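Structural overview for review
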Amino acid sequence: MGREIRVRRWALAGVAAAGIACGAAPPPGPSAGPASAGPPPPGAEPAAAGGPEVAPPPAPSGAAAAAPPPEPAAPPELTVPPNTAVLHIGDSFALAGFAQALRPRMDALRVRYAVKAETSSYTVTWASRMELLVANYQPDLVIISLGANEVENVNPPAHAGAVRRIVKAIGGRPCVWVSPPLWRKDTGIIDVIRTNSAPCRFFDSDALVPGPIARKKDRIHPNEEGGARWADAFWSWLTAERLPPGEEAGDPALKRSPWALRPAPPEEHRSRGEAAEGAIQRGEPASASAATPLAGP
């Protein structure tokens, strides 16, 4: 009897141990396939396919932020003391929108701007008049717009003396000879003016005026729009070529003039062929003035 009780206790103890062991065992592992996920909570967005979403890098701030590109510097303004005198002589091209577009600029500077221009006039026409005109107006700057009526001259070198006489009569004052914007190939008067107009500066309109110049119905004279484009280019050039106060001008008389201009570069008074050849030797593009202008009537 006692033996049976002991056997029965051992059996119960074994069953209890087995039960404890079974309760401590881990749950069965997942199957080889993926575990099924439960339904997403209400209002949740479905995850995008692929890897986890990467947040973009934060935008730079402070000194690291990219600064906007600087605006181009405004061109310098032309300033002169009030009540200076500018004498402008010329032919019909001076009155073809050119002087008309210059006058408001002169008025804004309170310049006494005198325009003396005649149609069908030539360098030889003005050569004998210049000395008296300069004496009467005492100009601080002289602008010369001559040469258009000599584009077809059969003997341009014969006018070289008239060009030199006009320049001499100006008496060392600042001066600019503005060539006419050509409508056809000239016979040589532009080179005669270029090579004989020193110490006046030479503004080569065919080289320095951007784009074609609009013409009147005669296809020769600039119209109002073309004259304004011509004047804009000349004014920008004049502003850039003004000699700032304090810079050397070479001639003491020029230093005292409010319209003093920088000395001309060597090629300015060379013939177009020589100027183009010099530019090529320096590795620069040849001036547009050496090119054949558009044909006219």
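Residue numbers run consecutively from 1 along every chain, following the written order of its sequence. The predicted nature of this model means local features are confined to residues of pLDDT at least 70 and side-chain atom pairs, given and counted, to a pLDDT of 80 or more, with totals for whole chains, interfaces and linings taken over all residues. Each side-chain value is worked out from all heavy atoms of the structure, with water and hydrogens disregarded.

1. Some remarks on the overall build of the protein
Convention followed: Each helix is a run of DSSP H or I of at least 4 residues and each strand a run of E of at least 2, with the numbering of both proceeding from the N terminus. Burial classification: accessible surface area is computed with a 1.4 Å probe over protein chains only, and a residue below 20% of its type maximum counts as buried, one above 50% as exposed, and the rest as partly exposed. Residues count as neighbours in contact if any of their non-hydrogen atoms are within 4.5 Å of one another.
When helices and strands are counted, the protein shows 10 helices and five strands. Out of the 297 residues belonging to the protein, those deemed buried represent 37%. A fraction of 77% describes how many contacts in the protein between residues 6 or more apart in sequence connect residues 24 or more apart.

2. Quick notes on the state of the cysteines
For the record, the criterion: Two cysteine sulfur atoms make up a disulfide if the distance between them is within 2.5 Å.
Enumeration according to the criterion identifies one disulfide in this entry. The partner cysteine of Cys 175 in its disulfide is Cys 200, sulfur to sulfur 1.8 Å. Its S-S torsion of about -100° marks the bond between Cys 175 and Cys 200 as left-handed, since a negative value means left-handed. Taken together, the residues span a long stretch of sequence, with Cys 175 in strand β4 (residues 175–178) and Cys 200 in the loop between α6 (189–196) and β5 (201–203) at a distance of 25 residues. Of the two residues, Cys 175 and Cys 200, neither departs from the other in class, the shared state being buried.

3. So, the nonpolar core
The condition that has to hold: Definition of nonpolar core: a set of buried residues of the types Ala, Val, Leu, Ile, Met, Phe, Trp, Tyr and Cys, connected through side-chain atoms within 4.5 Å.
One finds Met 130, Val 176, Trp 177, Phe 203, Phe 234, Leu 238 and Trp 259 to be the most contacted residues of the largest nonpolar core, which totals 58 residues. Non-local contacts of Phe 203, meaning those with residues more than four positions away in its chain, are made with Val 176, Trp 177, Val 178, Ser 179, Leu 208, Val 209, Trp 230, Ala 233, Phe 234 and Trp 237.

4. So, the packing of helix α5 (residues 160–170) against α6
How we decide: Orientation is described by axes fitted as lines to C-alpha atoms, over the contacting stretch for helices, and by angles from 0 to 180 degrees between their N-to-C directions. When describing relative orientation, an angle under 35 degrees is termed roughly parallel and one over 145 degrees roughly antiparallel, while 65 to 115 degrees is termed roughly perpendicular and anything else oblique. In a left-handed crossing the near helix is turned counterclockwise from the far helix by less than a right angle, and in a right-handed crossing that turn is clockwise. The residue classification treats Ala, Val, Leu, Ile, Met, Phe, Trp, Tyr, Cys and Pro as nonpolar and Asp, Glu, Lys and Arg as charged. All others, Gly included, are polar.
At a closest axis distance of 9 Å, the pairing of α5 and α6 adopts a crossing angle of 40°. By the angle between their directions, the pair α5 and α6 is classed as oblique. Crossing hand, α5 versus α6: right-handed. Taken together, the residues of α6 that come into contact with α5 (itself represented by Ala 160, Val 163, Arg 164 and Val 167) are Val 192, Ile 193 and Asn 196. Of the residues belonging to the contact of α5 with α6, the class tally is five nonpolar, one polar and one charged.

5. What to know about α6
Extensive coverage of α6 is indicated by the burial of six of its eight residues. Within α6 the residues assigned to the buried category are Ile 189, Ile 190, Val 192, Ile 193, Arg 194 and Asn 196.

6. What to know about helix α4 (residues 130–137)
Heads up, the condition is: Each C-beta atom gives one direction from the helix axis, and the arc is the one those directions make.
All of the buried residues along α4 are Met 130, Leu 133 and Val 134. Down the axis of α4, the smallest arc covering the buried residues is 95°, so these residues share one side. Projecting away from the buried face of α4 at angles above 90 degrees are the exposed residues Glu 131, Leu 132 and Asn 136. The inward-facing, buried residues of α4 abut β1 (85–90), β2 (112–117), α3 (123–127), β3 (141–145) and α5. The positive-phi residue at the C-terminal boundary of α4 is Gln 138, with phi of around 45°.

7. With respect to the packing of aromatic side chains
Selection rule: Here a pair means two rings of Phe, Tyr or Trp (six-membered ring of Trp) with centres within 6.5 Å. Their orientation is stacked below 30 degrees between planes, edge-to-face above 60, and tilted elsewhere. In this scheme, Lys NZ or Arg CZ marks a charge over a ring once it lies within 6 Å of the ring centre and within 35 degrees of the ring normal.
Counted under the stated rule, the structure contains seven aromatic pairs. Between Phe 203 and Phe 234 the ring centres are 5.4 Å apart and the planes differ by 85°, which places this aromatic pair in the edge-to-face class. Of this pair, Phe 203 sits in strand β5 while Phe 234 sits in helix α8 (residues 224–241), and the two are 31 residues apart along the sequence. Residue Phe 234 is classed as buried on the basis of its relative accessible area, which comes to 0%. Members of the aromatic cluster, joined through ring pairs, are Phe 93, Phe 98, Trp 183, Phe 203, Trp 230, Phe 234 and Trp 237. Between Arg 242 and the ring centre of Trp 259, over which it is positioned, the NZ or CZ distance is 5.8 Å.

8. Focus on the confidence of the model for the protein
Heads up, the rule is: The pLDDT score gives, residue by residue, the confidence of the prediction method on a 0 to 100 scale.
For the protein, the average pLDDT comes to 79, and 63% of its residues sit at 70 or higher. Of the regions scoring below 50 in pLDDT, residues 10–37 engages in zero contacts with residues more than four places distant in sequence or in other chains. This stretch, residues 45–51, has a pLDDT under 50; its non-local contacts, to residues over four places away or in other chains, come to zero contacts.

9. Let's talk about the side chain of Ser 145
Its location among the elements puts Ser 145 in strand β3. With residues up to four places along the chain from it excluded, the contact list for Ser 145 reads His 88, Ile 89, Gly 90, Asp 91, Ala 94, Phe 98 and Val 178.

10. A short note on the environment of Tyr 137
What counts is decided by this rule: By the criterion applied in these results, polar contacts are pairs of N or O atoms within 3.5 Å in which, for protein atoms, one can donate a hydrogen and the other can accept it, and in which residues neighboring in sequence qualify only through two side-chain atoms.
Checked against the element boundaries, Tyr 137 lands in helix α4. Residue contacts for Tyr 137: discarding those within four places in its chain leaves Ala 85, Leu 87, Ala 114 and Lys 116. Engagement of the side chain of Tyr 137 in a polar contact is seen with the side chain of Lys 116, the distance being 3.0 Å.

11. A closer look at the side chain of Arg 272
Turning to its location among the elements, Arg 272 is positioned in helix α10 (residues 272–281). A distance of 2.9 Å separates a polar atom in the side chain of Arg 272 from a polar atom in the side chain of Asp 186.

12. Things to note about the pattern of salt bridges
Defined as follows: A pair is scored as a salt bridge if a Lys or Arg side-chain nitrogen falls within 4 Å of a carboxyl oxygen belonging to Asp or Glu.
Counted according to the given criterion, the structure contains eight salt bridges. With its nearest N and O atoms 2.8 Å apart, the salt bridge here joins Glu 118 to Arg 129. You can see Glu 118 sitting in the loop between β2 and α3 and its partner Arg 129 sitting in the loop between α3 and α4, a full 11 residues away along the chain. In this structure Arg 129 comes out as partly exposed when scored by relative accessible area, which is 31%. With its nearest N and O atoms 2.9 Å apart, the salt bridge here joins Asp 186 to Arg 272. Of this pair, Asp 186 sits in the loop between β4 and α6 while Arg 272 sits in helix α10, and the two are 86 residues apart along the sequence. What makes Asp 186 buried here is its relative accessible area of 7%. Taken together, the shared-partner salt bridges connect Asp 186, Asp 191 and Arg 272 into one network.

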